[in-house]
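# Secondary and tertiary structure notes
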Amino acid sequence: MTEILARNAPQTVRRSRPESVLIETYGCQMNLYDSGVLEALLRNRGFEMTRDHAAADVIVLNTCAIREHAESRVIGRLGELSKYRRDNPDLRFAVIGCMAQNLGEAIPRQAPYVDYVLGPDQFYRLPEYLARDPESFPVINLERGTFDYERVLPVNENPWINFVTISRGCDNICAYCVVPRTRGHQRNRPPEEIVAEVQGLARQGTVEVMLLGQNVNTWVHRGQRFDDLIGRVSRTDIQRVRFMTSHPKDMTPDIVARLASYPKLCEHFHLPIQSGSSQVLSRMRRQYTRRHYLELVESVRRHFPHASITTDIIVGFCGETEAEFEETLSAVDESQFDSAFMFNYSVRPGTFAAEHLPDDVPESTKQARLSRLIELQQRQAEENNRRLVGQTLEVLVDGPSRRDPERFKGKTRTNKTVVLDGQTDLLGRLVQVRITQTDAWTLHGTLL
Ligand code: SAH
Ligand code: SF4
Ligand code: F3S
């Protein structure tokens, strides 16, 4: 922490009413969705949004706790941002989301200028709290809740693509993972609510929705299953549907087969393998084997021949031997992933692994293994992409290219980025693009 600008003792209230809010979002898509909901709720209550820290009356950090680094980054960021308090003593800080839940009152203890600490089940109360000052700060609310906020359509920076959360929390027991602690048990949103939200977004111009959950395939509601939900969402005016994340133990071959009957469903599946060794998977308490995973990949490829499959991998989990790591390399080789998020194992206090399994793979070994894995994965992604040269793909054009603002970028059904030339009237449209050139991350193409 850089500097302490307020005392930790509860402050008495003598602040002007806040009007403009700035939200910074860290972590996964679920946090992006929650920030979008919060923004909509704030706007409904008459707050304005700003991107200028110096002009903000409230700075909100929507945070992640998945690895140690995610948390230390936010602590560092809070220290940096505390300087704005100097010019504006009325400035309020809110820390919401997974790290808020995980660290609770330890946050204002470290950063005494933090006024609100709200967990992932309570963040939506922020507008209410801002409208009516409490007796004293900080306000800490980490209770589990039911999300009884008014119906709003989440705001997304990119209006063509939106997220829709279908379930919150997670009932799995992965030994390394903090999410069940931060987000609690799985709670499924009713299908009527999900469908109404998707339809509302489609009416506003959203072309593609990604349905979100930590484990979407176990979504159920009064006898309806996940694939029934995909069917219902497909019958709205939305043009593309995708989902994330599937747990390999719950993405069964019959679900895969049934999903193949929905043409709006995009051929992209995020199937986190975590490790290619059955022994490591068992220590991770992932509840599937290497063989089950590889068969799942095969079944996806059988039903969706043009599918892209992406994954998450943890390197250097407790007790991982060289031979076990090599099984991960060979599983990656067999699976031909289009992209992968790859991480060194990071101990999360309170998890099963933190309490029962020693973190015994040296940092240097983790780093060396991660580098080998990344190299293999990139080579593979490049090869996969090279095979697309000459093909015509459907692209949703969704903004200017990051590298070259004169050009446009878009997304294929397989979730790959394509850079192309064109005019602004292409924005938000589904177009056919012939792929001319590729690398590991991006495709380049010409509009047909
Ligand atoms: N629900 C999703 C994952 C959510 S977390 C699933 O089941 O796959 C996103 C990814 O972060 C995980 O897939 C995992 O690869 C990684 N991760 C989670 N906990 C971790 C930890 N303690 N150390 C390193 N990576 C971790
Ligand atoms: Fe974490 Fe496992 Fe749940 Fe994913 S499925 S959020 S890795 S506990
Ligand atoms: Fe997402 Fe991070 Fe929470 S990955 S669920 S924001 S711990």
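Summary of the structure given here.

Cut-offs and rules
Residues numbered from 1 in each chain as written. Chains lettered and ligands numbered in written order. Predicted model: local features only at pLDDT ≥ 70, side-chain atom pairs only at ≥ 80, totals over all residues. Heavy atoms only, no water. Salt bridge = Lys/Arg side-chain N within 4 Å of Asp/Glu carboxyl O. Helix = DSSP H or I, 4+ residues; strand = E, 2+ residues; numbered from the N terminus. Buried < 20%, exposed > 50% of the residue type's maximum accessible area, 1.4 Å probe, protein only. Near = heavy atom within 4 Å. Nonpolar A, V, L, I, M, F, W, Y, C, P; charged D, E, K, R; others polar. Expected span 1.5 Å × (residues − 1). Contact = heavy atoms within 4.5 Å. Polar contact = N/O pair within 3.5 Å; in protein donor to acceptor, adjacent residues only side chain to side chain. Areas by Shrake-Rupley, 256 points an atom, 1.4 Å probe, with all protein chains shown as cover. Core = buried A, V, L, I, M, F, W, Y, C linked by side-chain atoms within 4.5 Å.

So, about the pattern of salt bridges. Evaluated as defined, the whole model comprises 38 salt bridges. Note that R183 is salt-bridged to D34, the shortest N-O span being 3.3 Å. In this pair, R183 sits in helix α7 (residues 179-183) while D34 sits in helix α1 (residues 29-44), placing the two residues 149 residues apart along the sequence. When sorted by exposure, R183 lands in the same class as D34, which is buried. Put simply, E71 and R348 hold a salt bridge, and the shortest N to O gap is 3.5 Å. Of this pair, E71 sits in helix α2 (residues 68-81) while R348 sits in the loop between β18 (339-344) and α14 (352-356), placing them 277 residues apart in sequence. This pair shows no difference in class: E71 is buried, exactly as R348 is. When salt bridges that share partners are traced, they join E208, R240, R242, E394 and K411 into one network.

Moving on, we get to the site of ligand 3. Contacts to ligand 3 come from C28, N31, C64, A65, I66, C98, R183 and Q214. Split into classes, the residues belonging to the shell around ligand 3 amount to five nonpolar, two polar and one charged.

Another aspect to go through is helix α8 (residues 191-203). For α8, which comprises 13 residues, the first-to-last C-alpha distance of 18 Å matches the rise-based estimate of 18 Å (1.5 Å per residue) to within 8%. For α8, the complete set of buried residues consists of P191, I194, V195, E197, V198, Q199, G200, L201 and A202. Buried residues belonging to α8 abut α1, β9 (161-165), β12 (208-212), β13 (220-221), β14 (224-225) and α9 (226-234).

Before going further, it helps to examine the site of ligand 1. As a matter of local geometry, ligand 1 sits amid 15 residues, with Q214, P272, Q274, D312 and S346 nearest to it. With respect to ligand 1, the backbone of Y176 contributes an N or O atom lying 3.1 Å from a nitrogen atom. Q274 places a side-chain nitrogen or oxygen 2.7 Å from an oxygen atom of ligand 1. Here ligand 1, which alone exposes 540 Å², has 90% of that area covered by the protein. Elements represented by at least two residues in the shell around ligand 1 include exactly β17 (308-315) and β18.

Side chains of a nonpolar character, in soluble globular proteins, are inclined to be buried together. Of all hydrophobic cores here, the largest spans 62 residues; its most connected members are L211, I230, V233, F243, M251, L259 and F317. Those residues in contact with F243 that sit more than four places away from it in its chain are M210, L211, V216, F226, I230, M251, L259, L265 and F269. Membership of the second largest hydrophobic core comes to 30 residues, among which are I23, V58, Y124 and F147.

Everything listed here is a matter of geometry and, on its own, says nothing about what the molecule does.
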